[in-house]
Amino acid sequence: MLNSALGRFRVISAIEGISYLILIFIAMPIKYIGGDPIPVKIVGMTHGVLFIIFMISLFEAKIKQEWDTGFVFQLFVLSLIPFGAILIEKRVKPLEINS
């Protein structure tokens, strides 16, 4: 799976999506309900780095798979919403089967 740009993109997308959910549903409640900002600093930085890797991977997949800009923009927007990684996977997985 990691041998192709599309496979790497799928893995990074899943990891980035999980980090986003951890940030929103675990670290932020700990900060705002529990009063401890440390988890947001740690998970937030990790998620930020993963998001940058996600964007690089998306760009690489765009070039190698010859995706149009509209499709890439859809994937970018989906990455901004919680559970969007699931929707990204639904759109991208069929493309790997056909490759």
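Whatever comes next refers back to the structure up there.
Residues numbered from 1 in each chain as written. Predicted model: local features only at pLDDT ≥ 70, side-chain atom pairs only at ≥ 80, totals over all residues. Heavy atoms only, no water.

Description of the overall build of the protein chain
Turning to step 1, where the next piece is worked out: A count of helices and strands for the protein chain gives four helices and zero strands.
Turning to step 2, where the next piece is worked out: Each helix and strand of the protein chain, ordered N terminal to C terminal, gives the series α-α-α-α.
Turning to step 3, where the next piece is worked out: Principal-axis analysis of the C-alpha atoms places the extent of the protein chain at approximately 50 × 20 × 20 Å.
Turning to step 4, where the next piece is worked out: Taken across its 99 residues, the protein chain has 33% of its residues classed as buried.
Turning to step 5, where the next piece is worked out: Within the protein chain, contacts between residues at least 6 apart in sequence are counted, and of these 61% link residues at least 24 apart. (Helix = DSSP H or I, 4+ residues; strand = E, 2+ residues; numbered from the N terminus. Buried < 20%, exposed > 50% of the residue type's maximum accessible area, 1.4 Å probe, protein only. Contact = heavy atoms within 4.5 Å.)

Observations concerning empty space enclosed by the protein
Turning to step 1, where the next piece is worked out: On inspection of all chains with the given rule, the structure shows one cavity of 30 Å³ or more.
Turning to step 2, where the next piece is worked out: Approximately 40 Å³ is the volume found for the largest cavity.
Turning to step 3, where the next piece is worked out: In this structure, the largest cavity is lined by Glu16, Gly17, Tyr20, Leu21, Leu78, Ser79, Ile81, Pro82, Phe83, Gly84 and Ala85.
Turning to step 4, where the next piece is worked out: Of all the elements in the fold, those that place two or more residues in the lining of the largest cavity are helix H1 (5-32), helix H3 (69-79) and helix H4 (84-98).
Turning to step 5, where the next piece is worked out: Tallied by class, residues from the lining of the largest cavity come to seven nonpolar, three polar and one charged. (1 Å grid on protein atoms, 1.4 Å probe; cavity = no way out; pocket = protein on both sides within 12 Å on 5 of 7 lines; lining within 4 Å. Points joined across faces, edges and corners; volume = space filled by probe spheres on them. Nonpolar A, V, L, I, M, F, W, Y, C, P; charged D, E, K, R; others polar.)

Section: the packing of aromatic side chains
Turning to step 1, where the next piece is worked out: Enumeration according to the criterion identifies seven aromatic pairs in this entry.
Turning to step 2, where the next piece is worked out: Here the aromatic rings of Phe9 and Phe54 are separated by 5.3 Å at their centres, their planes lie at 40 degrees, and the arrangement is tilted. A residue pair is termed long-range when its members are at least 10 positions apart, and Phe9 in helix H1 and Phe54 in helix H2 (residues 38-65) qualify at 45 residues.
Turning to step 3, where the next piece is worked out: Taking the relative accessible area as the measure of exposure, Phe9 reaches 0% and is therefore buried.
Turning to step 4, where the next piece is worked out: Arranged with centres 6.0 Å apart and planes meeting at 20 degrees, the rings of Phe51 and Phe54 form a pair that is stacked. (Phe/Tyr/Trp six-rings, centres within 6.5 Å; stacked < 30°, edge-to-face > 60°.)

Focus: a nonpolar patch on the surface
Turning to step 1, where the next piece is worked out: Taken together, the side chains of Ile18, Ile22, Phe25, Ile26, Ile30, Phe83 and Ile86 define a hydrophobic patch exposed on the protein surface, amounting to about 650 Å² of accessible area.
Turning to step 2, where the next piece is worked out: With five residues, the single largest contributor to the nonpolar patch is H1.
Turning to step 3, where the next piece is worked out: Relative to the assigned elements, Ile26 resides in helix H1.
Turning to step 4, where the next piece is worked out: Using a relative accessible area of 48% as the deciding quantity, one classes Ile26 as partly exposed. (Patch = residues over 30% accessible without salt bridge, like charges linked within 9 Å, V, L, I, M, F, W, Y side chains within 5 Å. Areas by Shrake-Rupley, 256 points an atom, 1.4 Å probe, with all protein chains shown as cover. Salt bridge = Lys/Arg side-chain N within 4 Å of Asp/Glu carboxyl O.)

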